[in-house]
Amino acid sequence: MKFLFDLFPVILFFLAFKLYDIFIATAVAIVAAIVQIGWLWFRRRQVDKMMWINLAVIVVFGGATLISQDETFIKWKPTVLYWLIATVLLLSNLIFRKNLIQTMLEKQIVVPSFVWNRLNLSWVSFFLTMGCINLYVAFSFSVDTWVTFKLFGATGLMLVFIIVQMMMIGKYLKDMQPAVVENVTVNELDSLEKIENKASKER
């Protein structure tokens, strides 16, 4: 459900474009992004930072598209968002020594620090690549093709990438599991041995 909720503005953008044109679709996407955040506020739920960033980008580039009646701005919007995310992930790690991917997932999974670094770099590379792909599709094909790619192509690539990341994480989790079990077993044996020694002394 959350996945569909996150795609809400993109889905409405796609439907509005198919029914009307790129400018109506852009206006619908702006309103949808505002309504999306407003709904979360109304339900007193936390609004992700990414949603605020997306809102800011869609308002700026969507607004420029509506004012100038030039579709170029809205075509650049996904690329700017992708590259902005990649920049935040990279600079947070390099300058502030904070791995944002680890911050988001460390409560669910435990993997070595070098794996977190690889994951972070993988996401940086993915978003940089997605930004380039978006520009290629947007300015090499028709608007209709770009809008279709924006919903189905970009979403599909994201899902494939996430699956690959899960497989990567799963590999390291399997490698770590025997070691964890072994450590627990050794600790338990140490505890049992201490109890037996104490009992022998009391006798």
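Once a new chain begins, its residue numbering starts again from 1 and follows that chain's sequence as written. Given that the model is predicted, a residue must reach a pLDDT of at least 70 before its local features are reported, and side-chain atom pairs must reach 80 or more before they are shown or counted; all residues, however, enter totals for whole chains, interfaces and linings. Only heavy atoms go into the side-chain values, all of them from the structure, while hydrogens and water stay out.

A closer look at the packing of aromatic side chains
Logical step 1: Centres within 6.5 Å are what make two rings of Phe, Tyr or Trp a pair, Trp counting through its six-membered ring; a difference in plane orientation under 30 degrees is then read as stacked, over 60 as edge-to-face, and the rest as tilted. Evaluation of the coordinates by the stated rule reveals 12 aromatic pairs.
Logical step 2: Between Phe 14 and Phe 152, the aromatic rings sit 5.4 Å apart at their centres with planes inclined by 90°, giving edge-to-face as the arrangement. Placement of Phe 14 in helix α2 (residues 8–19) and of Phe 152 in helix α8 (residues 143–202) is noted, with a sequence separation of 138 residues between them.
Logical step 3: For every residue, the accessible area (1.4 Å probe, protein chains only) is compared with the maximum for its type, and the residue is labelled buried under 20%, exposed over 50%, or partly exposed between those bounds. Relative accessible area serves as the criterion here: at 53%, Phe 152 is assigned to the exposed category.
Logical step 4: An aromatic cluster of three or more residues is present, and its members are Tyr 82, Trp 123, Phe 126, Phe 127 and Phe 161.
Logical step 5: In this structure, Lys 150 is placed above the aromatic ring of Phe 13, and the distance from its NZ or CZ to the ring centre is 5.7 Å. Under the scheme used here, helices are H or I runs from DSSP no shorter than 4 residues and strands are E runs no shorter than 2 residues, and both carry numbers assigned from the N terminus. By definition here, charges over rings are those cases where NZ of Lys or CZ of Arg is within 6 Å of the ring centre and within 35 degrees of the ring normal.

Details of the nonpolar core
Logical step 1: We call a set of buried residues a nonpolar core when its members are Ala, Val, Leu, Ile, Met, Phe, Trp, Tyr or Cys and they connect through side-chain atoms within 4.5 Å of each other. Ranked by internal contacts, the top residues of the largest apolar core, which has 46 residues, are Phe 13, Ile 22, Phe 127, Trp 146 and Val 147.
Logical step 2: Secondary structure elements with two or more residues in this core: α2, α3 (22–42), α4 (49–68), α5 (72–94), α7 (113–140) and α8.
Logical step 3: A per-element tally of this core places α7 first, with 10 residues.
Logical step 4: For Trp 146, the contacting residues outside a window of four places in its chain are Phe 13, Ile 22, Ile 74, Lys 75, Pro 78, Asn 134, Val 137 and Ala 138. Here, two residues are considered to be in contact whenever any of their heavy atoms come within 4.5 Å of each other.

A word on α4
Logical step 1: For a helix, the expected span equals 1.5 Å multiplied by the number of residues minus one. Across its 20 residues, α4 extends 29 Å between first and last C-alpha, which sits within 8% of the 28 Å expected from 1.5 Å per residue.
Logical step 2: Downstream of α4 by a residue or two, Gln 69 has a phi angle that is positive, lying close to 55°.

Some remarks on the side chain of Thr 79
Logical step 1: With respect to the secondary-structure elements, Thr 79 resides in helix α5.
Logical step 2: When residues no more than four places from it in sequence are discounted, the contact partners of Thr 79 are Gly 131, Asn 134 and Leu 135.

A few points about the packing of α2 against α3
Logical step 1: Between N-to-C directions, angles span 0 to 180 degrees; the directions come from axes that are lines fitted to C-alpha atoms, helices contributing only their stretch in contact. Remark: α2 packs on α3, axes separated minimally by 8 Å, with the N-to-C direction vectors making an angle of 155°. On the basis of the axis angle, α2 is roughly antiparallel to α3. With respect to the hand of their crossing, α2 and α3 are arranged in right-handed fashion. Note on element contacts: α3 touches α2 through Ile 22, Ala 25, Thr 26, Val 28, Ala 29, Ala 32, Ala 33 and Gln 36, opposite Phe 8, Pro 9, Leu 12, Phe 13, Ala 16 and Phe 17. Roughly parallel refers to an angle under 35 degrees, roughly antiparallel to one over 145, roughly perpendicular to one between 65 and 115, and oblique to any angle outside these ranges. If you view the pair so one helix is near and one far, a crossing is left-handed when the near helix is turned anticlockwise from the far one by less than a right angle, and right-handed when it is turned clockwise.

Structural notes on the layout of surface pockets
Summary: where empty space remains is shown by rolling a probe the size of a single water molecule over the atoms.
Logical step 1: When its volume is computed, the largest pocket comes out at roughly 2,000 Å³.
Logical step 2: For the lining of the largest pocket, the element with the most residues is α8, which contributes 11 residues.
Logical step 3: When residues are sorted by character, Ala, Val, Leu, Ile, Met, Phe, Trp, Tyr, Cys and Pro go into the nonpolar class, Asp, Glu, Lys and Arg into the charged class, and all the rest, Gly among them, into the polar class. Residues of the lining of the largest pocket, tallied by class, amount to 35 nonpolar, seven polar and seven charged. Cavity: a set of points on a 1 Å grid over the protein atoms alone where a 1.4 Å probe fits but cannot get out. Pocket: an open set with protein on both sides within 12 Å along at least five of seven lines, its lining residues, like those of a cavity, having an atom within 4 Å of a point. Grid points are joined across faces, edges and corners, and a volume is the space filled by probe spheres set on the points.

A few points about the confidence of the model for the chain
Logical step 1: Here the chain averages 85 in pLDDT, while 83% of its residues score no lower than 70.
Logical step 2: Within the chain, α5 carries the highest mean pLDDT (96), whereas α8 carries the lowest (68).
Logical step 3: Confidence scores labelled pLDDT are given residue by residue by the predictor and lie between 0 and 100. Considering only residues more than four positions removed or in separate chains, one finds that residues 177–196, a stretch of pLDDT under 50, has zero contacts.

A closer look at the packing of α3 against α4
Logical step 1: For the pair α3 and α4, interaxial distance at closest approach is 9 Å and the crossing angle is 155°. It follows that α3 is roughly antiparallel to α4 by the angle criterion. For the crossing formed where α3 meets α4, the hand is left-handed. Residues Phe 23, Thr 26, Ala 27, Ala 29, Ile 30, Ala 33, Ile 34, Gln 36, Ile 37, Leu 40 and Trp 41 of α3 pack against Met 51, Trp 52, Leu 55, Ile 58, Val 59, Gly 62, Gly 63, Thr 65 and Leu 66 of α4.
Logical step 2: Split into classes, the residues belonging to the contact of α3 with α4 amount to 15 nonpolar, five polar and no charged.

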